[in-house]
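Listed below are the residues making up each chain.
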Amino acid sequence: MSPSREAAEVVIELSGVRKVYRTGSIEFEALRGVDLDIRRGEYVAIMGPSGSGKSTLMNVLGCLDVVTSGTYRLAGSDVGDLDEAELARIRNREIGFVFQGFNLLPGLSAWRNVELPLIYAGVPKDERRERAAVALERVGLGDKLDNRPGELSGGQQQRVAVARALVGEPTMILADEPTGNLDSVSTVDVLNLFEELHAAGRTIVLITHESEVAEHAERVVRVRDGLIQTSEAVAA
Ligand SMILES: Nc1ncnc2c1ncn2[C@@H]1O[C@H](COP(=O)(O)OP(=O)(O)OP(=O)(O)O)[C@@H](O)[C@H]1O
Ligand SMILES: [Mg+2]
């Protein structure tokens, strides 16, 4: 770890975070008091059994869901204090999200799926198409710009999802099982891409159940029953 990285600011700061889901009259505490600091430029893998709260945690980190109690400070701001517009601004600037199971829109071509975050960010049309094409080239899909998700393999769809996360040049990439449905060759491609983004100073947080994938990170955080069990540096 470089000295500058050790001194980097804490960009994600969770303290005492609880998340309670309500289904009818039943409550389920998916996060039961999570404390977690992630520094700018860190590469962190989150592991844990199915149902342990990983996606819930990621949705909180990505400001897609609000905490029931506790605080989440993102880039110095308490997310709970922000209004919708402020939240949208910070999310656009900071976060690229790769969802578990892609979340691509089936009726849109690859480049139209990738340009979506730029529409929300107010980028003009010509520039959107150009940047979407560049992002798709970066993930090796320069020849599939006009294909719809149904006309792509599972691995290619996942790479479209990664391109969509990258296109806005966010400072952080949050990825939920980005290699979950990929063959070993595509897994290596996606991991190489994350490696490049990390080398360029981006913060990477990824959920994985594969220890070979987690070994690419600098730190592994283990979640169990809605709590962080361990957080350990990966041996270089
Ligand atoms: N919207 C919801 N409403 C009610 N309960 C939910 C909701 N989302 C998740 N849960 C519950 O919260 C717990 C944690 O779910 P979560 O999706 O975070 O698990 P996970 O660790 O990502 O699992 P997996 O590895 O299977 O993706 C589970 O018991 C799940 O059933
Ligand atoms: Mg999940």
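That block above? That's the structure.
A. Layout of the overall build of the chain. Secondary structure summary: the chain contains eight helices and ten strands in total. Since a compact globule built from 236 residues should have a radius of gyration of about 18 Å, the 17 Å found for the chain is in line with a globular shape. The principal-axis extent of the C-alpha atoms belonging to the chain is close to 45 × 40 × 40 Å. Contacts spanning at least 24 positions in sequence make up 70% of the contacts within the chain whose residues lie at least 6 apart. Within the structure as shown, the chain displays about 11300 Å² of accessible surface, and the carbon and sulfur contribution to it stands at 48%.

B. Looking closely at the sheet that holds strand β10 (residues 227-233). The strand order β6-β7-β8-β3-β9-β10 describes an open sheet built from six strands, whose pairing is mixed. Pairing within the sheet leaves two strands with one partner each, and these edge strands are β6 (95-98) and β10. For this sheet, the mean angle separating the axes of adjacent strands, direction not counted, is 15 degrees. With respect to the sheet, helix α3 (residues 84-94) is in contact with β6 and β7 (172-176), its orientation differing from that of β6 by roughly 75 degrees.

C. Geometry of the site of ligand 1. Near ligand 1 lie 13 residues; those nearest to it are Ser50, Gly51, Lys54, Ser55 and Thr56. A distance of 2.8 Å separates an oxygen atom of ligand 1 from a polar atom in the backbone of glycine 51. At 3.0 Å from an oxygen atom of ligand 1 is found a main-chain nitrogen or oxygen belonging to glycine 53. Every element with two or more residues in the shell around ligand 1 is listed here: β1 (10-23), β2 (26-39) and α2 (54-61). Looking at the shell around ligand 1 element by element, the count peaks at three residues for α2. A breakdown of the residues in the shell around ligand 1 according to their chemical character gives four nonpolar, eight polar and one charged.

D. A look at the packing of helix α6 (residues 154-166) against helix α7 (residues 184-199). Interaxial distance between α6 and α7 falls to 10 Å at its minimum, and their mutual angle equals 10 degrees. Our classification of the angle between α6 and α7 gives roughly parallel. For the pair formed by α6 and α7, the contact residues are Gly155, Arg159, Val162 and Leu166 on the first element and Ser186, Asp189, Val190, Leu193, Phe194 and Leu197 on the second. Class assignment for the residues of the contact of α6 with α7 results in six nonpolar, two polar and two charged.

Each value, and the rule that gives it
Within every chain, residues take consecutive numbers counted from 1 along the sequence as written. Going through the entries in the order they are written, you letter the chains from A and number the ligands from 1. Residue-level local features of this predicted model are given only where pLDDT is at least 70; pairs of side-chain atoms are given and counted only at 80 or more, and the full residue set underlies all totals for whole chains, interfaces and linings. The basis for the side-chain values is all heavy atoms of the structure; hydrogens and waters are excluded. For helices the rule is a DSSP run of H or I covering at least 4 residues; for strands it is a run of E covering at least 2, with both sets numbered from the N terminus onward. The globule rule used here is 2.2 Å times the number of residues to the 0.38 power, and the radius of gyration it is set against is calculated over C-alpha atoms. Working rule for contacts: check all heavy atoms of both residues, and any pair within 4.5 Å makes them a contact. Note on areas: these come from Shrake-Rupley sampling with a 1.4 Å probe, and a residue is covered only by the protein chains present in the view. Following DSSP output, two strands are said to pair if at least two bridges run between them. Axis lines are fitted to C-alpha atoms, over the contacting stretch for helices. Their N-to-C directions set the angle, which ranges from 0 to 180 degrees. Note on terminology: near, applied to a residue and a molecule or strand, indicates that one of the residue's heavy atoms is within 4 Å of it. Pairs of N or O atoms are called polar contacts if they sit within 3.5 Å, as long as, within protein, a hydrogen donor faces a hydrogen acceptor (for residues adjacent in sequence, only side-chain-to-side-chain pairs). For this scheme, ten residues count as nonpolar: Ala, Val, Leu, Ile, Met, Phe, Trp, Tyr, Cys and Pro. Four count as charged, namely Asp, Glu, Lys and Arg, and the remainder, Gly too, count as polar. These descriptions rest on fixed angle ranges, namely under 35 degrees for roughly parallel, over 145 for roughly antiparallel, 65 to 115 for roughly perpendicular, and the rest for oblique.

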